[in-house]
Amino acid sequence: MWALENTSPAVLHAYAATNLAVELYNSNQAANGRDHFGPGNKFVTPTIASARVYAGTTTGVGVFGLLDQSTLTPLQVWRDDHFRNPSNVGTGANGASPAGDGVPNLLKYALGLDPNTPATRSQLPTGGIFQEFGHKFLAMTVNRAAQRADIAYVVEVSGDLQTWVSGLPNTVTLTNTATQLVVRDRTEIPSATERFIRLRVTNP
């Protein structure tokens, strides 16, 4: 439970919800007044939203969040570094595209890109034709800054854009290193009227 003390400076308190006699934190604890946020104000209550606590004063608003990232997942640390919020919400949500380029945050995380900078075509997965022993197959190349351990990179193929499949016996992985993934379809291009390939990334 959060509470504001109307003093100068104001003090934000955090108590155990099951026992209000146990104080977990207050903004006077940090050395050198690090967490002081201004003079108190009457009838103001803390507001909790998007993993932050907002505390109003007579001169502004104090915003409190995590300083210790040791309990966060790698994806949450990435969100916190770029959006100052580890939660899957707002501009930091997995499906959001704050750079306005239509590339969702989760894909930029998987590729090691800055979510606030528009991605270039060369940074995104590319499709092409892979030739082997005179046979042609649809293939996809995924270049990434590093292979994220908490992300599943799945290249899928389809003949109708409705049913998507991956892995043996549907696809063959040609390269899978920390910085590059190359996967080809197992259906030859001449043997099908249409073939499609895509990358799907998930955070299990």
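The rules behind each value
- Residues numbered from 1 in each chain as written.
- Predicted model: local features only at pLDDT ≥ 70, side-chain atom pairs only at ≥ 80, totals over all residues.
- Heavy atoms only, no water.
- Helix = DSSP H or I, 4+ residues; strand = E, 2+ residues; numbered from the N terminus.
- Rg over C-alpha atoms; globule rule 2.2 N^0.38 Å.
- Buried < 20%, exposed > 50% of the residue type's maximum accessible area, 1.4 Å probe, protein only.
- Contact = heavy atoms within 4.5 Å.
- Phe/Tyr/Trp six-rings, centres within 6.5 Å; stacked < 30°, edge-to-face > 60°.
- Lys NZ or Arg CZ within 6 Å of the ring centre and 35° of its normal.
- 1 Å grid on protein atoms, 1.4 Å probe; cavity = no way out; pocket = protein on both sides within 12 Å on 5 of 7 lines; lining within 4 Å.
- Points joined across faces, edges and corners; volume = space filled by probe spheres on them.
- Pairing = 2+ DSSP bridges.
- Salt bridge = Lys/Arg side-chain N within 4 Å of Asp/Glu carboxyl O.

### Re the overall build of the protein
Moving on, step 1. In terms of helices and strands, the protein carries 2 helices and 12 strands.
Moving on, step 2. Taking 2.2 N^0.38 as the reference for a compact globule, 204 residues should give roughly 17 Å; the C-alpha atoms of the protein span a radius of gyration of 25 Å, well beyond that estimate.
Moving on, step 3. Each of the three principal axes of the protein carries a C-alpha extent, and together these read 80 × 35 × 30 Å.
Moving on, step 4. Buried positions account for 33% of the 204 residues belonging to the protein.

### Examining the environment of glycine 92
Moving on, step 1. Positionally, glycine 92 belongs in the loop between helix 1 (74–83) and helix 2 (105–111).
Moving on, step 2. With 10 residues separating them along the chain, glycine 92 and histidine 82 place their C-alpha atoms 8.0 Å apart.
Moving on, step 3. Excluding residues within four positions of it along the chain, glycine 92 makes contact with Arg79, Phe83, Ser87 and Asn105.

### Remarks on the packing of aromatic side chains
Moving on, step 1. The full count for this structure, using the stated rule, is 3 aromatic pairs.
Moving on, step 2. Between phenylalanine 37 and phenylalanine 64, the ring centres sit 5.2 Å apart and the planes meet at 90°, which makes this aromatic pair edge-to-face. Residue phenylalanine 37 is located in the loop between strand 3 (19–26) and strand 4 (47–49), and its partner phenylalanine 64 is located in strand 6 (residues 61–64); the two are separated by 27 residues in the primary sequence. Pair check on accessibility: phenylalanine 37 and phenylalanine 64 agree, each one buried.
Moving on, step 3. A network of ring pairs unites the aromatic residues Trp78, Phe83 and Tyr109 as a single cluster.
Moving on, step 4. The ring of tyrosine 153 is capped by arginine 144, whose NZ or CZ atom sits 4.5 Å from the centre of that ring.
Moving on, step 5. The aromatic ring of tryptophan 164 is capped on one face by arginine 198, whose charged end is 4.1 Å from the ring centroid.

### What to know about the layout of surface pockets
Moving on, step 1. Estimates place the volume of the largest pocket at around 420 Å³.
Moving on, step 2. Tyr25, Phe64, Gly65, Leu66 and Leu67 are the residues nearest the centre of the largest pocket, which is lined by 15 residues in total.
Moving on, step 3. Looking at the lining of the largest pocket, the elements that each hand over two or more residues are strand 5 (52–56) and strand 6.

### Here's the deal with helix 1
Moving on, step 1. Turning to helix 1, its buried residues are Leu75, Val77, Trp78, Arg79, Asp80 and Phe83.
Moving on, step 2. Looking at the buried positions of helix 1, the neighbouring elements they touch are strand 5 and helix 2.
Moving on, step 3. Downstream of helix 1 by a residue or two, arginine 84 has a phi angle that is positive, lying close to 55°.

### Concerning the pairing of strand 11 (residues 180–188)
Moving on, step 1. Strand direction decides the pairing type here: strand 8 (residues 135–143) and strand 11, joined by 6 bridges, are antiparallel. Residue pairing for strand 11: phenylalanine 137 is matched across the bridge by glutamate 188.
Moving on, step 2. Between strand 10 (residues 171–176) and strand 11, which follow one another and run antiparallel, lie 3 residues.

### Observations regarding the pattern of salt bridges
Moving on, step 1. Counted by the stated rule, this structure contains 7 salt bridges.
Moving on, step 2. With a shortest N-O distance of 3.5 Å, arginine 52 and aspartate 80 are connected by a salt bridge. One end of the pair, arginine 52, is in strand 5; the other, aspartate 80, is in helix 1, with 28 residues separating them in the sequence.
Moving on, step 3. Exposure remark for arginine 52: the relative accessible area of 11% places this residue in the buried category.

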